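Chain by chain, the residues:
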Amino acid sequence: MGTPELISPRSPRVVAARRLARRAFRGKERRFIAEGPQAVREAVEHRGEDGAPTLVELFTTVEAAERYADIVSAARAAGARVHYADAEVVADVSQTVTPQGLLGVCRFLDTPFESILRARPRLVAVLAHVRDPGNAGTVLRCADAAGADAVVLTDASVDLYNPKSVRASVGSLFHLPVAVGVPVEEAVSGLRGAGVRVLAADGAGEDDLDDELDAGTMGGPTAWIFGNEAWGLPAETRALADAVVRVPIHGRAESLNLATAAAVCLYASARAQRVSTAS
């Protein structure tokens, strides 16, 4: 087999993919970029609620196609259009400092909030006022690792499909339902109506996470609200929750960053629920 023909940097397909770096075009086309072998592999295997493949196009360098031949083959078998490109084209589309040679164009995959509620979730992460895309993606990854049933991004949070969010999720974006653009009041009332206890994570919370665990109050369905990286949750959002809980600081650290606090809270709930189920 000879060297594949490389797509032109001026190709309409490249131009269209490059435009997905901008939120307005992502929303218009309902497409986003997944970059790197892990994310692309997950995209290949993912299907939307209608059964349609999530990955629609794959851009790959010749070197990456050889290194990840299984991914390229699976993408082609799933019906994605595969384009070979030079490293500069892939880097230009991905807009990363060190691109990995594989870049997928994917359909939006967010789940209607009502569908999440109908599934009667037991553990949910709600991102309210989270503006940093890297933090949003990392919390999504933590939620996936802790076994959460869903993630909700409120209308005041960052775009789920921001390239930094997608990269920071390291493929977890494709693993669990995510609802976007839900007003925080609607998120809280909907979850509470589905039998979920809503806890706000805040460093100034009146309740201590250790005390909650010791009291045995965290074994039931739970949603955690996580706030802005710099200023936490506004008073009106804290007031919506059933309890405002702080992660105890046993050492001399001033605080925990958002992703670390989210991981602690989600894993605490996951363990409490397993203990409750076992007993």
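To start, this report covers the structure provided alongside it. (Residues numbered from 1 in each chain as written. Predicted model: local features only at pLDDT ≥ 70, side-chain atom pairs only at ≥ 80, totals over all residues. Heavy atoms only, no water.)

A look at the overall build of the protein chain
The secondary structure content of the protein chain amounts to 13 helices and eleven strands. The C-alpha radius of gyration of the protein chain comes to 20 Å, within 12% of the 19 Å expected for a compact globule of 279 residues. If you line up the protein chain on its principal axes, its C-alpha atoms span 65 × 35 × 30 Å. Taken across its 279 residues, the protein chain has 53% of its residues classed as buried. (Helix = DSSP H or I, 4+ residues; strand = E, 2+ residues; numbered from the N terminus. Rg over C-alpha atoms; globule rule 2.2 N^0.38 Å. Buried < 20%, exposed > 50% of the residue type's maximum accessible area, 1.4 Å probe, protein only.)

Comments concerning the packing of helix 1 (residues 12–19) against helix 6 (residues 87–94)
Here helix 1 crosses helix 6 at 35°, and the two axes come no closer than 8 Å. On helix 6, the residues touching V14, A17 and R18 of helix 1 are V89, D92 and V93. Here the residues of the contact of helix 1 with helix 6 are counted per class, giving four nonpolar, no polar and two charged. (Axes fitted to C-alpha atoms, helices over the stretch in contact; angles between N-to-C directions. Contact = heavy atoms within 4.5 Å. Nonpolar A, V, L, I, M, F, W, Y, C, P; charged D, E, K, R; others polar.)

A word on helix 8 (residues 133–146)
With 14 residues, helix 8 should cover 20 Å at 1.5 Å per step; its first-to-last C-alpha distance of 20 Å lies within 8% of that length. Looking at helix 8, one finds that the buried residues are P133, N135, A136, G137, V139, L140, C142, A143 and A146. Its side-chain oxygen 3.0 Å from the backbone nitrogen of G134, D132 forms the N-cap of helix 8. Following helix 8 by one or two positions, G147 has its phi on the positive side, about 85°. (Expected span 1.5 Å × (residues − 1). Polar contact = N/O pair within 3.5 Å; in protein donor to acceptor, adjacent residues only side chain to side chain.)

Side note on a nonpolar patch on the surface
On the surface, I249, L256 and V264 cluster together to form a nonpolar patch covering roughly 200 Å² of accessible area. By the element assignment, V264 lies in helix 13 (residues 258–278). (Patch = residues over 30% accessible without salt bridge, like charges linked within 9 Å, V, L, I, M, F, W, Y side chains within 5 Å. Areas by Shrake-Rupley, 256 points an atom, 1.4 Å probe, with all protein chains shown as cover. Salt bridge = Lys/Arg side-chain N within 4 Å of Asp/Glu carboxyl O.)

Concerning the nonpolar core
One finds F32, V151, F174, W224, F226 and L266 to be the most contacted residues of the largest nonpolar core, which totals 59 residues. The biggest single contributor to this core is helix 13, with eight residues. When near neighbours in sequence (up to four residues on either side) are disregarded, F174 contacts F32, A34, A39, E42, A43, H46, T54, C106 and L109. Listed in part, the 23 residues of the second largest apolar core include V126, A150, V184 and A194. (Core = buried A, V, L, I, M, F, W, Y, C linked by side-chain atoms within 4.5 Å.)

Details of the sheet that holds strand 2 (residues 55–60)
Working definition: the strands of a sheet are paired by backbone hydrogen bonds and lie parallel or antiparallel to each other. The strand order across the open sheet built from four strands is 1-4-2-3, with neighbouring strands paired in mixed fashion. The sheet is open, and its two borders are formed by strand 1 (31–35) and strand 3 (81–84), each paired with just one other strand. Strand-to-strand twist in this sheet, taken as the mean axis angle between neighbours without regard to direction, amounts to 20°. Of the strand pairs in this sheet, strand 2 and strand 4 (residues 102–107) are connected by five bridges, and their pairing is antiparallel. (Pairing = 2+ DSSP bridges.)

Quick word on helix 3 (residues 37–45)
Along helix 3, the residues classified as buried are P37, A39, V40, E42, A43 and V44. In this structure, the buried residues of helix 3 make contact with strand 1, strand 2, helix 5 (69–77) and strand 4.

Considerations on the pattern of salt bridges
Scanning the entire structure with this criterion turns up eleven salt bridges. Two residues, R18 and D92, come together in a salt bridge whose shortest N-O distance is 2.5 Å. Remark: D92 occurs in helix 6 and R18 occurs in helix 1; sequence separation between them is 74 residues. For the salt bridge of R67 with E63, the shortest nitrogen-to-oxygen distance reads 3.1 Å. Taken together, the residues span about one helical turn, with R67 and E63 both in helix 4 (residues 62–67) at a distance of four residues. Note on R67: relative accessible area 53%, which makes it exposed. Of the residues examined, E63 reaches a relative accessible area of 53% and is grouped as exposed. Taken together, the shared-partner salt bridges in this structure form one network comprising R13, E57 and R81.

Quick look at the packing of helix 3 against helix 5
Interaxial distance between helix 3 and helix 5 falls to 10 Å at its minimum, and their mutual angle equals 30°. When the axis of helix 3 is compared with that of helix 5, the two are roughly parallel. Helix-helix and strand crossings are classified by hand; for helix 3 and helix 5 the assignment is left-handed. Seen from helix 3, the contacting residues are P37, V40, R41 and V44; seen from helix 5, they are D70, I71, A74 and A75. (Parallel < 35°, antiparallel > 145°, perpendicular 65-115°, else oblique. Left-handed = near helix turned anticlockwise from the far one by under 90°.)

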